[in-house]
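For reference, the chains in residue letters:
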2 protein chains.
Amino acid sequence: MKKVCVLGSTGSVGKQTLKIIRTLKDVKISILCAHSNYKLLLKQAEEFGVKKLCLTDRNAYLKLPYSQKKIFFSPDEIERIFEHDFDILFVASAGSTAIKLIYKALKLKKTVAIANKEAIVMAGDILIKEAKKEEAKIIPVDSEHSALFQILENFPHKAEGLTITSSGGAIAGANKKSITPQVILRHPVWKMGAKITVDSSTGMNKGLEVIEAHHLFSFPFEKISVILHREAIVHGIVEFKDGSSIAYLSPPTMEIPIKYALTYPEKTFLPEKLNYKNLKFSFEKFPEEKYPCFSLALYAGKKGGIYPSVLCGANETAVQHFLKGKISFYKISQIIEKVLAKTPKIRYSIDGVLEAEKWAKSEAMRFV
Amino acid sequence: MKKVCVLGSTGSVGKQTLKIIRTLKDVKISILCAHSNYKLLLKQAEEFGVKKLCLTDRNAYLKLPYSQKKIFFSPDEIERIFEHDFDILFVASAGSTAIKLIYKALKLKKTVAIANKEAIVMAGDILIKEAKKEEAKIIPVDSEHSALFQILENFPHKAEGLTITSSGGAIAGANKKSITPQVILRHPVWKMGAKITVDSSTGMNKGLEVIEAHHLFSFPFEKISVILHREAIVHGIVEFKDGSSIAYLSPPTMEIPIKYALTYPEKTFLPEKLNYKNLKFSFEKFPEEKYPCFSLALYAGKKGGIYPSVLCGANETAVQHFLKGKISFYKISQIIEKVLAKTPKIRYSIDGVLEAEKWAKSEAMRFV
């Protein structure tokens, strides 16, 4: 029996994770954490028989009925999840809140299944080093990284190149000036939260994925490629020096990587299947010039240190304002660029990356 | 240092094998065997410093200059190759001549690298059983089987389905009645010998590959699929029960699987590379109805026993006559069908499959 602590259980990936756990008789939830949606969290707790819950949003916690408070950890107490027994920290939450918990989980040699981008992007060097030191496993849940992970985990040969695919986002080919949040949120392939759907459209999401791949697989940036693949069937390709490549294919559903992370190293049945008799694939050059945040992300990733944290912070503020209709689509990258240009000197550490992100969020406000 | 005995060194695959061995400093040729081309064989022997050669064609052997005879084994002495030290029997020869040598090599726990189709198709049950018993390795060299082998060898998960691709052969979509040997020998993708190019056009080659996959990977026929994939970049796909698939991709050159078989389990550098930025793939239903020999092959494969040997024998005679312009393209499958219908009772054994093939070759003559 594997015991799981799910962070972000009321979000898009979190709900899919619980849907999968419902089907797995050898996986049990020990703890559920959400940001603010305590009503759904209570419903989930009841269904899965979970005795301990956390809320990371202070206001939501303060609003809890008194009778509920005893089963909740407050935002300040969140590290007390480690007083409870679990094997896998499943990080389905967005943003940087999870970084400290991931770091502590790795220190305790727990497996970390990670659908969250910011943690690895911002603190990859520290987290991967800790995972290696403690021999703790980090299992990526993003479809692209799950694809690469599965190939690299199983093939003994040294990889020469990694390729992740991009379906192009909601606005591939569109004129960016007329783009509203409504247009972007109609993503053609993946059903995701609002922020990540915007990030897909700006190229930020793919840029963050390259940074993640760089950390997760200890691979130099110049050997990681992105190709445009609108069909979203091939998620990752590993190239070997003999001219051969291994590609990972699956229907575009997060359920497959979520289930793999929960049942690792086993694979278990899912009804989703590809029908090869009617598939057409195309791979094209990823049009970087159409995705202004992509090159900003690579720039920050290559600079390293706290730059990716500044990137994430500025992006979060800019995207929030875009979603509220306060700035244009184009302004997102401009704001990030301006904030990155003013990156302060902050020491690269767990606290440092969080401080840098916070600085960037408020700095970005000045350009909104 | 790996020592190799190459069977069929003067043929199409044999020459490519020697081209690869030329680049490998840890691989040395101990023995070279050819059917009849002793002039080229002598040149190869000189280049690679090989002291022992074989000819399997009696007439060619008899024509050898007396001074050369001492370095050649005669067709009757061919099993004396085992008096010499080698690690890998590299079977680049076509036809069934190699079956006994493969069987003996496996008994002696040698690795068998196999580009030959007939041996596994005709005697698969016996050879695979022997390989398992002696823990000897059979490494397929065909691009499709090398692809599947590499995936199955490295992924620990039980496969749910195997898919091999077909580029469609030289006459995909053509009107079969007007097809001459000249048309067929212009294969669009693979450079191969005349017989196998015809076999690609009739569907026999793909049918034999399914039978081979059935034996090599101990996989039931109903879980092995063929899909049309004209680009010949994806060679094999393994499907898993979680809905994911792993595909093996490479440029369409035999050099990659040849090199892998020689350097197994390592992969070594080859300059051939795929450029993903300009790839388009399509997968379509394999149009079985256009390839009359495909279903005949599956029929024989599923019947098992000596049926595949009868299939191979009848096909060889029919294709020879087609290449000489004596029968039409359409007649090939008709002859095989008639011969298969008369399959005699012969016990399934190494001698039995050879006897069945011989019977089928001469029986096919009656329908030419």
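Computed from a predicted structure; not experimentally measured.

Engineer: Help me understand the overall build of chain A, please; the structure alone is not making it clear to me.
Structural biologist: For chain A, the helix and strand inventory stands at 15 helices and 13 strands. Its C-alpha radius of gyration of 20 Å places chain A within 12% of the 21 Å reference for a compact globule of 368 residues. Judged by the C-alpha coordinates and their principal axes, chain A covers about 55 × 50 × 40 Å. Evaluated residue by residue, chain A yields a buried proportion of 61% over its 368 residues. Across chain A, the fraction of contacts at a sequence separation of at least 24, relative to all contacts at a separation of at least 6, is 66%. Carbon and sulfur atoms make up 52% of the accessible area of chain A, which totals about 15,100 Å².

Engineer: Please explain the sheet that holds strand 13 (residues 284-285) of chain B as it appears in this structure.
Structural biologist: Two modes of strand pairing occur in sheets, parallel and antiparallel, and in both the strands are linked by backbone hydrogen bonds. In space, the 10 strands of this open sheet follow the order 13(A)-9(A)-8(A)-10(A)-11(A)-11(B)-10(B)-8(B)-9(B)-13(B), with mixed pairing throughout. Only two strands of the sheet have a single neighbouring strand rather than two, namely strand 13 (284-285) of chain A together with strand 13 of chain B. Two elements, strand 8 (residues 159-166) of chain B and strand 9 (residues 224-228) of chain B, share five bridges in a ladder whose sense is parallel. The partner of T163(B) across the bridge, within strand 9 of chain B, is S225(B).

Engineer: Would you mind showing me how to read the interface of chain A and chain B here?
Structural biologist: Taken together, the contacts link 42 residues of chain A with 42 residues of chain B. Counting each side, the surface lost to burial between chain A and chain B is near 3,700 Å², with a carbon and sulfur contribution of 58%. In terms of surface lost to chain B, no three residues of chain A exceed D242(A), K267(A) and Y276(A), which account for 20% of the buried area on that side. Taken together, the connections running from chain A to chain B amount to four salt bridges. One salt bridge in this structure joins D242(A) and K267(B), with 3.0 Å as the shortest N-O distance. At the junction of chain A with chain B, the criterion picks out 14 residue pairs in polar contact (both at pLDDT 80 or more). Mapped by element, the contributors of at least two residues to the side of chain A that touches chain B are helix 7 (143-154), strand 10 (234-240), strand 11 (245-249), helix 11 (255-263), strand 12 (280-282) and strand 13 of chain A. Element by element, the count of residues in the side of chain A that touches chain B is highest for strand 11 of chain A, at five residues.

Engineer: Before we go on, may I ask you to explain the pairing of strand 2 (residues 27-34) of chain B in this structure?
Structural biologist: Taken residue by residue, a regular strand's side chains alternate between the two faces of the sheet. Residue and element names in this part refer to chain B. Burial within strand 2 is extensive, with seven of its eight residues counted as buried. As for the winding sense of the linkage, the β-α-β connection from strand 1 (residues 2-7) through helix 1 (residues 12-21) to strand 2 is right-handed. Alignment of strand 2 against strand 3 (residues 52-55), held across four bridges, turns out to be parallel. Residue pairing in the sheet places I31 in a bridge with K52 of strand 3. Read as a crossover between parallel neighbours, the route from strand 2 over helix 2 (residues 38-48) to strand 3 is right-handed.

Engineer: Explain the pattern of salt bridges here, please?
Structural biologist: In total, this model carries 48 salt bridges over all chains according to the counting rule given. The salt bridge involving R58(B) is made with D76(B); its shortest N-O contact spans 2.9 Å. In this pair, R58(B) sits in helix 3 (residues 58-62) while D76(B) sits in the loop between strand 4 (72-73) and strand 5 (88-91), placing the two residues 18 residues apart along the sequence. Given the relative accessible area of 44%, R58(B) is considered partly exposed. Overlapping salt bridges bring together K117(A), D142(A), E144(A), K206(A) and E209(A) as one network.

Engineer: Just to check I follow, could you spell out the packing of aromatic side chains for this structure?
Structural biologist: Two descriptors summarise a pair of aromatic rings, namely the distance from one centre to the other and the angle between the planes of the rings. As enumerated under the stated definition, the model contains 24 aromatic pairs over all chains in all. Measuring from ring centre to ring centre gives 5.8 Å for F322(A) and F329(A), while their planes differ by 70°; the resulting arrangement is edge-to-face. You can call F322(A) buried: its relative accessible area is 1%. Relative accessible area serves as the criterion here: at 3%, F329(A) is assigned to the buried category. Ring geometry for F149(B) versus Y260(B): centroids 6.4 Å apart, planes at 65°, classification edge-to-face. Taken together, the residues span a long stretch of sequence, with F149(B) in helix 7 (residues 143-154) and Y260(B) in helix 11 (residues 255-263) at a distance of 111 residues. Residues F149(B) and Y260(B) agree in their burial class; the two are buried. An aromatic cluster of three or more residues is present, and its members are F155(A), F240(A), F155(B) and F240(B). It is K69(A) that lies over the ring of Y61(A); its NZ or CZ is 5.4 Å from the centre.

Engineer: Is there a simple way to explain helix 5 (residues 99-107) of chain A in this structure?
Structural biologist: Side chains of residues three or four places apart in an α-helix project in the same direction, reflecting 3.6 residues per turn. Buried residues of helix 5 of chain A: I99(A), L101(A), I102(A), A105(A) and L106(A), and no others. The buried residues of helix 5 of chain A occupy an angular sector of 165° when the element is viewed end-on, so they sit on one face.

Engineer: In this structure, what is going on with the environment of S282(A)? I would like to understand it.
Structural biologist: Inspection of the secondary structure puts S282(A) in strand 12. Between the C-alpha atoms of S282(A) and L296(A), which are 14 residues apart in sequence, the distance is 26 Å. Look past the residues within four positions of S282(A) in its chain and what remains in contact with it is L228(A), H229(A), R230(A), E231(A), L279(B) and K280(B). Of the polar contacts made by the side chain of S282(A), one reaches the side chain of E231(A); its length is 3.2 Å.

Engineer: Please explain the packing of helix 12 (residues 292-303) of chain A against helix 13 (residues 307-323) of chain A as it appears in this structure.
Structural biologist: Describing two packed helices takes the angle between their axes plus the distance from one axis to the other. All names here are of chain A. Where helix 12 meets helix 13, the axes come as close as 7 Å, and the angle between the chain directions of the two elements is 150°. As summarised for this structure, helix 12 and helix 13 are arranged roughly antiparallel, according to the angle between their axes. From helix 12, L296, A297, Y299, A300, G301 and K303 reach across to helix 13, where they touch Y307, P308 and L311. A breakdown of the residues in the contact of helix 12 with helix 13 according to their chemical character gives seven nonpolar, one polar and one charged.

What counts and how
Going along each chain's sequence as written, the residues are numbered from 1 onward. Each chain takes a letter, starting from A, and each ligand takes a number, starting from 1, following the order in which they are written. Given that the model is predicted, a residue must reach a pLDDT of at least 70 before its local features are reported, and side-chain atom pairs must reach 80 or more before they are shown or counted; all residues, however, enter totals for whole chains, interfaces and linings. With hydrogens and water excluded, all non-hydrogen atoms of the structure serve as input to the side-chain values. The helix and strand labels rest on DSSP assignments: H or I over at least four residues marks a helix, E over at least two residues marks a strand, and numbering proceeds from the N terminus. Only C-alpha atoms enter the radius of gyration, while the globule expectation follows 2.2 Å times N to the 0.38, with N the number of residues. A 1.4 Å probe rolled over the protein chains alone gives each residue an accessible area, and that area as a share of the maximum for its type sets the label: buried under 20%, exposed over 50%, partly exposed in between. We call two residues in contact whenever any of their non-hydrogen atoms come within 4.5 Å of each other. Accessibility throughout is a Shrake-Rupley quantity obtained with a 1.4 Å probe, and a residue counts as covered only by protein chains that appear here. Two strands are counted as paired when DSSP detects at least two bridges linking them. When two parts are brought into contact, each loses some accessible area as probed by a 1.4 Å sphere; the total of that loss over both is the buried area. What counts as a salt bridge is simple: a side-chain nitrogen of Lys or Arg found within 4 Å of a carboxyl oxygen of Asp or Glu. The definition of a polar contact used here is a pair of N or O atoms within 3.5 Å, where within protein one atom must be able to donate a hydrogen and the other to accept one, and adjacent residues in sequence count solely through side-chain atom pairs. When the strands point away from the viewer and the path from the first strand over the helix to the second turns clockwise, the crossover is right-handed. Stacked, edge-to-face and tilted are the three classes for Phe, Tyr and Trp ring pairs, Trp counted by its six-membered ring, which pair at centre distances within 6.5 Å; planes under 30 degrees apart are stacked, over 60 edge-to-face, the rest tilted. Lysine and arginine charges are scored as sitting over a ring when NZ or CZ, respectively, is within 6 Å of the ring centre and within 35 degrees of the ring normal. Note that the arc is computed from the directions linking the helix axis to the C-beta atoms. What counts as an axis is a line fitted to C-alpha atoms, over the stretch in contact for a helix, and the angles between N-to-C directions run from 0 to 180 degrees. Here the angle decides the label: under 35 degrees means roughly parallel, over 145 means roughly antiparallel, 65 to 115 means roughly perpendicular, and every other value means oblique. Put simply, Ala, Val, Leu, Ile, Met, Phe, Trp, Tyr, Cys and Pro go in the nonpolar bin, Asp, Glu, Lys and Arg in the charged bin, and everything else, Gly too, in the polar bin.

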